[in-house]
Amino acid sequence: MNTPTTVPEILTHLDAGVMTLTINRLERKNAITALMYAAMADALVAAEHDPSVRVVVIQGHETIFSAGNDIGDFLNKPPSTPDAPVFRFLHGISSFPKPIVAAVCGPAVGIGTTLLLHCDLIYAGDNAAFSMPFVNLGLCPEAASSLLVPQLMGYPRAAEALLLGEPFTAETALEVGLINRIVPPLEASVLAHQQARKLAGKPLPSLIETKRLMKKTLASVTAERLAEESISFGRMLGEPASREAFTAFMEKRKPDFSGV
Ligand code: COA
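A. Spatial organisation of the nonpolar core. Core analysis: the biggest nonpolar cluster contains 67 residues, and Val56, Phe89, Leu116, Phe130, Leu139 and Leu178 have the highest contact counts within it. No other element matches the eight residues that helix H1 (residues 34-49) contributes to this core. The next biggest cluster of nonpolar side chains, apart from the first, holds 17 residues, and it includes Val101, Ala103, Val183 and Ala188.

Take a look at the structure:
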């Protein structure tokens, strides 16, 4: 393997079998750049093969999980090939064999929500706000969310979330089964780590086999959908609607889709 990417915006910490990945770019609301995806993808590969890692925790800050993909990156260096860091990360998290626990507080936008579809236990602060505004950005779903979101919440609610791009609260996320529990924001990371430590004390082969069996029905269709979405998403990143949406975001104005 090449030298793993490490960046200060992705903190990694290993303690008693639990590897914590912290998204740490508060000044940009934890928006994720290509380098950050590369760091997370490399950390997951290392965690998969490192026997001292039994469980992974993914977290942001108690005020923000992630504002999704960095919009400046989308404009200036859009991921155009299947081996782009974002797609490497999505492949890595969706096929990660060991348990992943997430702590989510504040906004979780775009991939900030869709990456959760590949976590096993999710603890949310009562300030969590989930959204998948791909259409509003001239894009389409990623992370196999076009498959997994309708499957999780039923088509009508999925249409509100994915066609209208409407945000939803922690209560709704709990009701539809996206998350496990709602707690005060400062407690989400504590609870995620408590649960991760419980998992880390269990026999790892049993955890891996149980996760594999629970995910088996959807594993190959998920991988297929991920690949299909990546192609569409990559293409749409170069089209006029998304260019207008990203430029409007950078210029702090409403996008004008009248021409597309
Ligand atoms: N990419 C790049 N920069 C981003 C960003 C993103 N996805 N999200 C936020 N930022 C930047 C803002 O431009 C702002 O920069 P500035 O200080 O130079 O003006 C800074 O982070 C703070 O963001 P702001 O919007 O002022 O914070 P907020 O608390 O009012 O709102 C969000 C937080 C997450 C709700 C809001 O920033 C947002 O909607 N971001 C875009 C989300 C998005 O569309 N992501 C793509 C999904 S595919």
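So much for the structure itself; the text now carries on.
B. Region of interest: the pattern of salt bridges. One pass over the structure, following the stated rule, counts nine salt bridges. The salt bridge involving arginine 25 is made with aspartate 70; its shortest N-O contact spans 2.8 Å. Of this pair, arginine 25 sits in the loop between strand E2 (18-23) and H1 while aspartate 70 sits in the loop between strand E3 (55-59) and helix H2 (71-76), and the two are 45 residues apart along the sequence. Across the pair, exposure class does not vary: arginine 25 and aspartate 70 are buried alike. Across the pair lysine 77 and aspartate 73 runs a salt bridge whose closest N-O atoms are separated by 3.9 Å. Using a relative accessible area of 53% as the deciding quantity, one classes lysine 77 as exposed. Given the relative accessible area of 11%, aspartate 73 is considered buried. Beyond isolated ion pairs, a larger network of salt bridges with shared partners links Glu244, Glu251 and Arg253.

Calculation rules
Residues numbered from 1 in each chain as written. Predicted model: local features only at pLDDT ≥ 70, side-chain atom pairs only at ≥ 80, totals over all residues. Heavy atoms only, no water. Core = buried A, V, L, I, M, F, W, Y, C linked by side-chain atoms within 4.5 Å. Buried < 20%, exposed > 50% of the residue type's maximum accessible area, 1.4 Å probe, protein only. Helix = DSSP H or I, 4+ residues; strand = E, 2+ residues; numbered from the N terminus. Salt bridge = Lys/Arg side-chain N within 4 Å of Asp/Glu carboxyl O.

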